[in-house]
Amino acid sequence: MTKVLVSDFKMVSHPVEQRISHIKNAEFGERWEVVFRLTVLVLASVMLSIFADQRVVLIWLGAVLACYGALVFCLTRSAPWNRRVGHFRLCLALYALLQLVFIFAPLYLIQSGEPALVFSGSLALVTVLLCKLQHAQDDPAIAGANALQFGVSVLAMLGVVLPAEDDPFLIALCLGAAVTVVAYYGMTIRGQLSQQSALNQSRLRYAQSQKARALTQFVGGVAHDFNNILTAIMGNLEFARVLPDKADRDQALVDAGLAAERAAMTVRQLLASSGRARLRPETIAAADLHSQIEPVLQDLLEPGITLKSAARDPEFTAFADRDMLETSLIQLYLNAQDALKGGGNIWLVSRTSFDVPEIDPQPDIPPPYLAVTLSDDGPGADADSLDMLAEPFFTTKAVGQGPGLGLSAVQGFARQSGGCLILENRPGGGFSATILLPRA
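The rules we used
- Residues numbered from 1 in each chain as written.
- Predicted model: local features only at pLDDT ≥ 70, side-chain atom pairs only at ≥ 80, totals over all residues.
- Heavy atoms only, no water.
- Helix = DSSP H or I, 4+ residues; strand = E, 2+ residues; numbered from the N terminus.
- Buried < 20%, exposed > 50% of the residue type's maximum accessible area, 1.4 Å probe, protein only.
- Contact = heavy atoms within 4.5 Å.
- Pairing = 2+ DSSP bridges.
- Axes fitted to C-alpha atoms, helices over the stretch in contact; angles between N-to-C directions.
- Core = buried A, V, L, I, M, F, W, Y, C linked by side-chain atoms within 4.5 Å.
- Salt bridge = Lys/Arg side-chain N within 4 Å of Asp/Glu carboxyl O.
- Phe/Tyr/Trp six-rings, centres within 6.5 Å; stacked < 30°, edge-to-face > 60°.

**Student:** How would you summarise the overall build of the chain if you had to cite specific residues and measurements?
**Tutor:** For the chain, the helix and strand inventory stands at 13 helices and seven strands. The burial tally for the chain puts 38% of its 440 residues in the buried class. When contacts within the chain are restricted to residue pairs at least 6 apart in sequence, those whose partners lie at least 24 apart make up 74%.

As structure tokens, then:
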């Protein structure tokens, strides 16, 4: 299971990206459902073409598959930041077109007049409309497209029935039934939208409470860490004042200086965690990065651990602070080495990535990215801690082995550089940390 970690203080993604994901969920929610739907479509179309001599259904099947392909292509492509609204409108238009094309075959069978085909078409139409109702209505625009499909279906049914009726009473009965069904459908959609709105409000309140919890943890962690450091500084300065032996006084001053350096390091990590570190970005080639960081990591190797490195796109360049990037990779490497507990493999791989990660919020700069991944074949992270690994002062290590600012600082650096940090458990075991950095 893959999970992407983001700062608790940035919980909301761009609304257009959210709406595009709603379209994706509305049409391709469950994989098994999509496979079942397409299998039934193909089998039914072939059977109708062979046994009922309904060749037009094959043309309809081609149109449906073409609409599916166009929608998938649109949903899986990223648009520049200044064209995202137009991208969403195109996806929505393709989604609405697919809904209208989808109901053509059932309506065509209904108007054929043959009892078996009328029954099959009616059953298919009811199934399509019920399928839309059972999906959550996350977006008013998607609900509108579904309502358009329903309305066209009702009008088409009236177009089949009314020309064959001469009795004004029966015509009025059909019209009344159509109005009633449309009104009930509209109330159902409205109720679902209201429920979804209430759910979104609950999620927002929960996010606000999580922010407050994170802030409390952050402030408590800062206070606790600095209290320990100040205690060490003040205690050693007091020793330097009262100890009679000069060597002891000098050692106390050295210890006070080391504590002050730990305080300075904590401040730098806090700045990096908040995305406010002083960066000096420059152009970094993937090959140069590997040649410079590999010897450093090799020197840190513990017995029983093997480091393997590969730059798949050696000429690709990123724009980032070299020192902070190397420090971040060292931090990720030390975490991986701790997880292996004396034996295993670590891989450092860089590659070009054109994919926009599905995270909240999106990176500030669109792809392509230089993806630098450091992974191991250790036990991975448990589900409970995976969501919190990059939170400030959260640590899975024993007390005294680290303040819990390492991954938070790496994430802050990646965000400040215009990219992001992705943490995930590897399929088959192990852990992977990927830093995405924008191209120079």
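From this point, the narrative continues.
**Student:** Mind laying out the sheet that holds strand E7 (residues 431–438), listing which residues take part and the relevant values?
**Tutor:** With respect to topology, five strands assemble into an open sheet ordered E2-E4-E5-E7-E6, the strand pairing being mixed. In this open sheet, the two edge strands, each paired with only one partner strand, are strand E2 (305–311) and strand E6 (420–425). Across the sheet, the mean angle separating the axes of adjacent strands is 15 degrees when strand polarity is ignored. In this structure, strand E4 (residues 344–353) lies alongside strand E5 (residues 369–376), joined through eight bridges in antiparallel fashion. Counted as the bridge partner of Arg 351 is Ala 371 from E5.

**Student:** Break down the nonpolar core for me, citing the residues and quoting the values.
**Tutor:** With 44 residues, the main nonpolar core has Ile 23, Trp 60, Val 64, Leu 71, Leu 75 and Tyr 95 as its most contacted residues. Of all the elements in the fold, those that place two or more residues in this core are helix H1 (15–27), helix H2 (31–51), helix H3 (56–75), helix H4 (84–102), helix H5 (104–110), helix H6 (115–134), helix H7 (140–161) and helix H8 (168–242). In this structure Val 64 touches Leu 41, Leu 98, Val 101 and Phe 102, once residues within four positions along its chain are discounted. One finds Leu 289, Leu 329, Ile 346 and Leu 423 within the second-largest nonpolar core, a separate group that totals 33 residues.

**Student:** Residue-level account of the pattern of salt bridges, with values.
**Tutor:** Counted according to the given criterion, the structure contains seven salt bridges. Salt-bridge contacts for Arg 280 lead to Asp 323; the nearest nitrogen and oxygen are separated by 3.9 Å. With Arg 280 in the loop between helix H9 (246–273) and strand E1 (281–285) and Asp 323 in helix H11 (residues 322–340), this pair connects stretches of sequence that are 43 residues apart. Among the charged side chains, a salt-bridge network with shared partners connects Glu 27, Glu 33 and Arg 37.

**Student:** Break down the packing of aromatic side chains for me, citing the residues and quoting the values.
**Tutor:** Enumeration over the complete set of coordinates arrives at four aromatic pairs. Between the aromatic rings of Trp 60 and Phe 102, the centroid separation amounts to 6.2 Å while the plane-to-plane angle is 75 degrees, which identifies the pairing as edge-to-face. With Trp 60 in helix H3 and Phe 102 in helix H4, this residue pair connects regions lying 42 residues apart in the sequence. With relative accessibility at 9%, the residue Trp 60 sits in the buried group. Relative to Tyr 108, the ring of Phe 104 has its centre 6.1 Å away and its plane inclined at 20 degrees; by these criteria the two rings are stacked. With Phe 104 and Tyr 108 both in helix H5, this residue pair falls four residues apart, about one helical turn. On the basis of relative accessibility, which here comes to 26%, the residue Tyr 108 falls in the partly exposed class.

Note that every value here comes from positions in space, so none of it alone points to a role or purpose.
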